[in-house]
Amino acid sequence: MDDRVELGVELLAHLEHAELSLAEAVDRIETVTSDPAVTREILETAEKRGVIDREGDTVVPTTGDYVGFEGGDVVSKEGEFTCQRCGAGITTGYFIEFDAGDHGPFGSSCIRKVTGRDED
């Protein structure tokens, strides 16, 4: 299976949202891939595994397994990076460490938006 699918499923499994629109879920997935076929596969795989429930245009994460900002799930690295979400140049990159691999870099506000810690 494509590594992007595993990474996308893990991202959906760790979202801190009671629910979000399909468009918001796709916005998060687009930090992994912009390929529509892979996006669809991520959503279908996540639903089959019980990571999300889809009700029309609403996505409901089911695991409650949130990213721990203090527990080492997120690491920061210094350097010259481009934020995976907004495209801004950043000198501190934040990466989420998933079993499928590291996801990032993100800026300080985008890492919180991607995980659902802050609303858009």
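Residues numbered from 1 in each chain as written. Predicted model: local features only at pLDDT ≥ 70, side-chain atom pairs only at ≥ 80, totals over all residues. Heavy atoms only, no water.

Enquirer: For this particular structure, what's the right way to read the overall build of the chain?
Expert: Looking only at helices and strands, the chain features four helices and six strands. Along the chain, helices (α) and strands (β) appear in the sequence α-β-α-α-β-β-β-β-β-α when read from the amino end. Taken over C-alpha atoms, the radius of gyration comes to 13 Å for the chain, in line with the 14 Å a tight globule of 120 residues would show. Along the longest, intermediate and shortest principal axes, the C-alpha atoms of the chain span 40 × 25 × 25 Å. Residues counted as buried form 41% of the 120 residues belonging to the chain. Taking contacts inside the chain between residues at least 6 apart in sequence as the whole, the part at least 24 apart equals 51%. When the accessible surface of the chain is split by element, carbon and sulfur atoms take 42% of a total near 6,100 Å². Here the chain carries 11 positive and 27 negative side-chain charges, and the mean point of each set is 2 Å from the other. (Helix = DSSP H or I, 4+ residues; strand = E, 2+ residues; numbered from the N terminus. Rg over C-alpha atoms; globule rule 2.2 N^0.38 Å. Buried < 20%, exposed > 50% of the residue type's maximum accessible area, 1.4 Å probe, protein only. Contact = heavy atoms within 4.5 Å. Areas by Shrake-Rupley, 256 points an atom, 1.4 Å probe, with all protein chains shown as cover. Lys, Arg positive; Asp, Glu negative; His and termini not counted. Charge placed at Lys NZ, Arg CZ, Asp CG, Glu CD.)

Enquirer: Any chance you could explain the domain arrangement of the chain here in plain terms?
Expert: How large an interface is tends to be reported as the accessible area lost when its parts come together. Considered domain by domain, the chain is made up of domain 1 (3-61) and domain 2 (74-115). Spacing between the C-alpha centres of domain 1 and domain 2 amounts to 19 Å. The partner domain 2 presents 13 residues to the 11 residues of domain 1 that form the contact. In total, domain 1 and domain 2 occlude about 1,000 Å² of area from one another, counting both sides; carbon and sulfur atoms represent 57% of this. When the buried surface of domain 1 facing domain 2 is broken down by residue, Leu7, Glu10 and Thr31 rank first, second and third, together holding 53% of it. One can count one salt bridge joining domain 1 with domain 2. (Domains from an automatic or database assignment. Buried area = accessible area lost by both parts, 1.4 Å probe. Salt bridge = Lys/Arg side-chain N within 4 Å of Asp/Glu carboxyl O.)

Enquirer: What should I look at first to understand the packing of helix H1 (residues 3-13) against helix H3 (residues 36-48) in this one?
Expert: Packed helices, taken two at a time, are described by the angle between their axes plus the distance between the axes. It is at 9 Å that the axes of H1 and H3 come closest, and there the two elements cross at 55°. In terms of orientation, H1 and H3 fall into the oblique class. Between H1 and H3 lies a crossing of right-handed hand. Counting all contacts with H1, which are made through Arg4, Val5, Gly8, Val9 and Leu12, the residues of H3 involved are Val38, Glu41, Ile42, Leu43, Thr45 and Ala46. Residues belonging to the contact of H1 with H3 are distributed by class as follows: seven nonpolar, two polar and two charged. (Axes fitted to C-alpha atoms, helices over the stretch in contact; angles between N-to-C directions. Parallel < 35°, antiparallel > 145°, perpendicular 65-115°, else oblique. Left-handed = near helix turned anticlockwise from the far one by under 90°. Nonpolar A, V, L, I, M, F, W, Y, C, P; charged D, E, K, R; others polar.)

Enquirer: What is the right way to read H1 from this model?
Expert: Side chains three or four residues apart in an α-helix point the same way, a direct result of the helix having 3.6 residues per turn. Taken across its 11 residues, H1 has eight buried, putting it largely inside the fold. Within the sequence span of H1, burial applies to Val5, Leu7, Gly8, Val9, Glu10, Leu11, Leu12 and Ala13.

Enquirer: Please explain the sheet that holds strand E4 (residues 74-82) as it appears in this structure.
Expert: Hydrogen bonds between backbone atoms are what pair the strands of a sheet, whose relative direction is either parallel or antiparallel. Reading across from one edge, E4-E5-E6 is the order of the three strands in this open sheet, with antiparallel pairing throughout. Every interior strand has two partners, whereas the edge strands, E4 and strand E6 (101-106), have only one. Pairs of neighbouring strands in the sheet enclose a mean axial angle of 30°, with direction left out of account. Relative to E6, strand E5 (residues 89-98) runs antiparallel, the two sharing four bridges. Bridging across to E6, Ile96 finds its partner in His103. (Pairing = 2+ DSSP bridges.)

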